[in-house]
Amino acid sequence: MGQPEDRVIAEMTQYLQDFVEVPHPAFNQLPVCPFARKARLGEAIMFRVCVFNQDGLIPNSELMHMVTAFTQDENSEILVVIHPEKNALSVSEMETFVEALNLTLAPLDLMGFGGHPQDTFNIQGTYTRRSSYPHLSIQSVPYLEKAKGSLQQTGYYRNWTPANLEAVGFLK
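Let me sum up the structure you'll find in this document. Per chain, residues are indexed from 1 in the order of the written sequence. The predicted nature of this model means local features are confined to residues of pLDDT at least 70 and side-chain atom pairs, given and counted, to a pLDDT of 80 or more, with totals for whole chains, interfaces and linings taken over all residues. The basis for every side-chain value is the complete set of heavy atoms in the structure, and neither hydrogens nor water enter the calculation.

## Quick look at the sheet that holds strand β6 (residues 135-140)
Part 1 of the argument: When DSSP finds two or more bridges between two strands, those strands count as paired. Only runs of H or I of at least four residues qualify as helices and only runs of E of at least two qualify as strands under DSSP, and these elements are numbered from the N terminus. Taken in spatial order, the four strands make up an open sheet running β3-β4-β6-β5, and their pairing is mixed. Bordering the open sheet on either side are β3 (45-49) and β5 (110-115), each of which pairs with just one other strand. On average, adjacent strands in this sheet sit at an angle of 20° to one another, irrespective of strand direction.
Part 2 of the argument: As paired strands, strand β4 (residues 78-82) and β6 are joined by four bridges and run antiparallel to one another. Across the sheet, I82 pairs through a bridge with H135, a residue of β6.
Part 3 of the argument: Where helix α1 (residues 3-20) meets the sheet, it contacts β3, β4 and β6, and its direction lies at approximately 135° from that of β3. Each axis is a line fitted through C-alpha atoms, and for a helix only the stretch in contact is used; angles between axes span 0 to 180 degrees, taken between their N-to-C directions. Two residues qualify as a contact provided that any one of their heavy atoms is within 4.5 Å of a heavy atom in the partner residue.

Encoded structure:
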């Protein structure tokens, strides 16, 4: 990877450390993602930098090659694909892209979530997807279901609205 890609990944890693991995009252004093720190320290996050748009959904695209590599890597729990241009997509373009991406990922038993510098998704005013760059987080559905099950016993979802749960594909 070249220096620009390294800088983008370093910035995303810093976002994880400074925000995603930090306990927060909106999540019953758990981190925004209680699994992020362990995954990061265990090198189970596959970070990639890639320009993505609707063309990325075709089978032979760079993005879909990254998805294939992720599914074949036994050590990776999450694929984080970061767009290197901070203003490349609007929030609505990102949301539309993620909806289309999830239709492509569903047969692979994968699910993607988007993040954007102006994303409006929040839990009690905590904007959990506002990173410096537009990005995709892709994980296996079984992994997500297992994580959801373990968090349900902790009060993590106590402050989530039905709309929040629906937005991430979970229903109480």
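## Observations regarding the pattern of salt bridges
Part 1 of the argument: Any carboxyl oxygen of Asp or Glu within 4 Å of a side-chain nitrogen of Lys or Arg constitutes a salt bridge here. Tallied over the entire structure, the rule returns two salt bridges.
Part 2 of the argument: For E11, the salt bridge goes to K86, with nearest N and O atoms at 3.3 Å. One end of the pair, E11, is in helix α1; the other, K86, is in the loop between β4 and α4 (91-105), and 75 residues separate them in sequence.
Part 3 of the argument: We classify E11 as partly exposed; its relative accessible area is 26%.
Part 4 of the argument: Put simply, R40 and E21 hold a salt bridge, and the shortest N to O gap is 2.6 Å. Taken together, the residues R40 in helix α2 (residues 36-41) and E21 in the loop between α1 and β1 (23-24) connect sequence positions 19 residues apart.
Part 5 of the argument: Burial status follows relative accessibility: with a 1.4 Å probe on protein chains alone, a residue under 20% of its type maximum counts as buried, one over 50% as exposed, and anything between as partly exposed. Classification of R40 as buried rests on a relative accessible area of 17%.

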